[in-house]
Structures are given as structure tokens and as C-alpha cells.
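Notes for the structure review
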Amino acid sequence: MPRNKTLECIGCPSIRALTFDSLGLIKVTEARSKQGGVPKVVERWGELDSSKCVLAASIDDRKFNPLLAVARKNGVVEVLNPLTGDCCVSISNVEDGSTTPEDDAISGLHLFKTHNLEEASRWSLRKVHALQTITICSMNEAHRSVPLSVGDVRSPDDIFCRSCTLFTCTIKGSATMKSIKLSTLPGESAQVDILKTWKVSSSGSILCSRVDESEKYALFGGKGVEMNVWNLDQCTKIWTAKPPKKDSLGIFTPTWFTSAAFLNKDDHRKFVAGTNSHQVRLYDISSQRRHVLSFDYKEAPIKAIAEDSDGNTIFIGTGSGDLASFDIRTGKLLGGFFGKCCGSVRSISRHPELPVIASCGLDGYLRFWNTKSRQLLAAVYLKQHLTSVVLDSNFSDEEIVSNAEVPEPQNGQTVENDDSDKEDEECYEKKKKRRSKEREARKSKKSKSKKSRKRLDDSDSD
């Protein structure tokens, strides 16, 4: 049911989000604290095509030369530059003509970070003596290096990061790890090598998968597939969950997992999984095979789960548009997020530094929330059904000022910089006063309309 309650949006801090929708578009939304924290769509990449619906996305948001991987409905995986939207390489996940991309779509995608760092260290020994540094810094992407074009002279980090490792998993359980070496010369295509391939499950459908922070372990689950954990280095299954026991009436709940997340960055043994029967389960593979804690939330399937940085709090989104936070140690509901939300929540992304999460879903809205107060900070309508959202943790709206532009102190005087916090507070106060005036005007208008209707009723009765 849609919510009719309206709430004030106080604005969000400087943040950059990339959203993906069912028509294959990628939209970049930015909010700047010096402009009142109002998010705006600044770029749109791609063309409208339902066959290019984005099923999964993963970002390696390093400071220099970040990469973005996108899995589409037609079986194509693209590696993009998240700063410019340029496609670095496009890979087809369909190897033979026996199956169509729709029959065996990609359900899990991960772009490795540690493998890229290892590759970078190997490249550095051979390339550092022949490199020249070119760094382009702009107001939109402060302190971040942007490659010019193929064949141009690049920075060391640009050369080092011209390779990446990609992990994909399909609905039928085919897992693959690929090494991609991007070309640095014009006219040359990227080199793609299959490192490992194995079968995660021979029956059922894999609907959720997640790689831990160390990128050594991955968990899988789905419809008819119990949660299981794999060692990615050895491609071996190290743990499989047991289904829950029958209830007091002897009814067995069928296995149907829809989302999952690891709890702690340093510990792969604890993770949370959401089911289609509106249940959240906590697993500890070092303790037992069955879940150690479970609780129900609302009456709709759990569609998205994200972990907080403290390792004890999780954020849950349902198919009916409900969003809430729980203390997973006790299963206690900390509270629901306040805001107008009327579509299924499909993705939740937690900012690694700021107390902000971003959520999106089928209602076409991208929303930013405060994790502590659970208040709606801002919302942007993006028109299409949204499938996923990722946050750029290195985004900054600070303008770079050269040393020549900074005045030097003279005669013992000190030069004070502009206080950005005061500017933000003034902007917030102005915005608050304007909205209060608008609210009072609406109330007076409603009272006048009520009085006029009452007069008409009295005249009719007479």
C-alpha cells in the first residue's frame, strides 16, 4: 500500500551514486553539501533497451582509475569507467548456443580489488621506469585521475590497473573467474582469460551470491538451494546449511533465499540471509549448520540486505517497500526508516565512511537515508524501475585551489579560510524557513477551503 505521509528532506552530504534500471540505463546522481545537499542527475549512460536490463553491478572505487562491472540481461558483462562511462571491454557470458541468456541469466557479479592490487605490483616492476604522470583533477572528481584516451600517456596507477579479475555466477549455478587485461594501445582488443570455472549447484536456482571482504570466500543460495560457502582459491565447498525443522503443525518451509550479506569484514563465518517467506536468518558456520537466529519481518519477501560497518546492524528491504534496521545479535527491531516508499526495494548500499545508505526499487526513486536517525535525507525520481545502486566512496565536491591563488599572510596577519560548516548551516536554515512558510500557506489554504464548503452546506440547508 502506498504511504501518504509526507516528510521533509533535510538534504544529504556530498555523495555520488550510480543507479541501474530495467531498461539498461546507468544514471549518475550527485549531491553537494555546498549546494544544499540536493541530489541531481548529472549524467546518463546507455540507450533504452529492455534486453540490456542490468541484473547485477559491482564497483572497484579505488582513488585512481576505478572500474565498474555491469551484468546485463542479454548475457553481456561490461567493464566501464565509472567516471566517464566509457566501455573498456564487453564480454559475452554465453559460450555456446545451447542456452539463451534469459534461461541462464547472471545472478551474481563481483569485481575483485585485491587481485587488481597484486597485478599492479607485478606491472610496477616492469613499467615504472618508462612512465610519465598525467593527472586530471576537476571539481566533479577531486584528486582522482581520469584516463585521457586509448594510447595517451598515463599515470603509473593507470598502467597498473589495466587488468582486473571478474567473478560471475548464473542462475543454474555456473561460476566463472576471468582475468581481463585491458589494452593500452589503439586498435588492440582486451585479452580475456578464464582462470577457473566450476558448478556451484546442479539443481535449483541461484538467486543470491556474495563475496566477502577478503575476496577468498563466497556464499550462494536460492530457490531450492540451501546457503553454502565456497573457498574461491581452491573452488571447493567448505560448508552447507541444513534446512530448518518442521514447525509444530508439521509444515516444512521450502528453501527460497532471495538475498544475503556477510556481517563482518574480517570474519567470513557469520552471514545473514533473507528468504521469500519474509524471514531473516543468521548463520555461523563455526557453530552449527542450522541458523542460530531467525525472525520474521512484515509479510512480504526480503528483497535486499546490507550490513553496517559495526558488524552488528543490518538493513532490510522488502517487496512491499518497507525498510528497517535490526540488531542481528538479538534480532531486535531498531526501527523503520521514515519516508514515502511504495515499491519493492531491490538494492541497499551502505557508504563506507558517511552514516548514509542509499536504496532503490521498482517505484523509480533513489533515496538517501541517515543510518542513525533513520530519517530520509533526499529522494530523486529516476523514472525507470531500478534494479541496483552503488556508491562512489571517493567522491568529493571540494574545489582544488592552486598555491598561487592562496593569499599569503602579511605583517603577522593570518588568513582565515571560509567556514563551510557555517555556509551549510545558513543554507539549511534558509531552506527550513522556506519550507515552514510553504507549509503554513498550505494549512491556511485548506482552512479557507473548509470554511467555504461549510458556508455552502449551510446555504443549501437553508
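What this report covers is the structure whose coordinates are included nearby. Everything numeric in this text was worked out from a predicted model, so none of it was measured. (Residues numbered from 1 in each chain as written. Predicted model: local features only at pLDDT ≥ 70, side-chain atom pairs only at ≥ 80, totals over all residues. Heavy atoms only, no water.)

1. Some remarks on the environment of Arg350
As for its placement among the helices and strands, Arg350 is situated in strand β24 (residues 345-350). Take Arg350: its relative accessible area is 19%, and that puts it in the buried class. For the pair Arg350 and Ala306, spaced 44 residues apart in the sequence, the C-alpha separation amounts to 6.9 Å. If near-sequence neighbours (up to four positions away) are discounted, Arg350 is found in contact with Glu307, Asp308, Ser309, Phe315, Pro355, Val356, Ile357, Thr371 and Leu391. Within the local environment of Arg350, its side chain forms a polar contact with the side chain of Asp308, the two groups lying 2.7 Å apart. (Helix = DSSP H or I, 4+ residues; strand = E, 2+ residues; numbered from the N terminus. Buried < 20%, exposed > 50% of the residue type's maximum accessible area, 1.4 Å probe, protein only. Contact = heavy atoms within 4.5 Å. Polar contact = N/O pair within 3.5 Å; in protein donor to acceptor, adjacent residues only side chain to side chain.)

2. Considering the pattern of salt bridges
Scanning all chains against the criterion turns up 11 salt bridges. In this structure, Arg16 and Glu30 form a salt bridge, with 3.2 Å as the shortest nitrogen-oxygen distance. Of the two residues, Arg16 is situated in strand β1 (residues 15-21) and Glu30 in strand β2 (residues 26-31); the sequence distance between them amounts to 14 residues. There is no split in this pair, since Arg16 and Glu30 are both buried. Salt-bridge contacts for Arg269 lead to Asp267; the nearest nitrogen and oxygen are separated by 2.9 Å. Accessibility expressed as a relative area gives 38% for Arg269, which makes it partly exposed. (Salt bridge = Lys/Arg side-chain N within 4 Å of Asp/Glu carboxyl O.)

3. Observations regarding the side chain of Thr176
With respect to the element layout, Thr176 can be found in strand β10 (residues 174-181). Apart from the residues within four sequence positions on either side, Thr176 is in contact with Leu166, Phe167, Thr168, Ile194, Lys196 and Thr197.

4. Some words on the sheet that holds strand β15 (residues 236-240)
Read across the sheet, four strands follow the order β12-β13-β14-β15 without closing on themselves; strand pairing throughout is antiparallel. Every interior strand has two partners, whereas the edge strands, β12 (205-211) and β15, have only one. Pairs of neighbouring strands in the sheet enclose a mean axial angle of 30°, with direction left out of account. As judged from the six bridges shared by β12 and strand β13 (residues 217-223), these two strands associate in the antiparallel manner. Pairing of Cys208 across the sheet is with Gly221, part of β13. (Pairing = 2+ DSSP bridges. Axes fitted to C-alpha atoms, helices over the stretch in contact; angles between N-to-C directions.)

5. A short note on the sheet that holds β24
Through backbone hydrogen bonds, the strands of a sheet pair up, either in parallel or in antiparallel fashion. Reading across from one edge, β24-β25-β26-β27 is the order of the four strands in this open sheet, with antiparallel pairing throughout. The open sheet terminates on both sides in strands that have one partner only, identified here as β24 and β27 (376-381). For this sheet, the mean inter-axis angle between neighbouring strands, taken without regard to orientation, is 15°. Summarising the sheet, strand β25 (residues 356-361) and strand β26 (residues 365-370) pair through five bridges and their orientation is antiparallel. Bridging from a neighbouring strand, Ile357 pairs with Trp369 of β26.

Keep in mind these values describe shape, not function.
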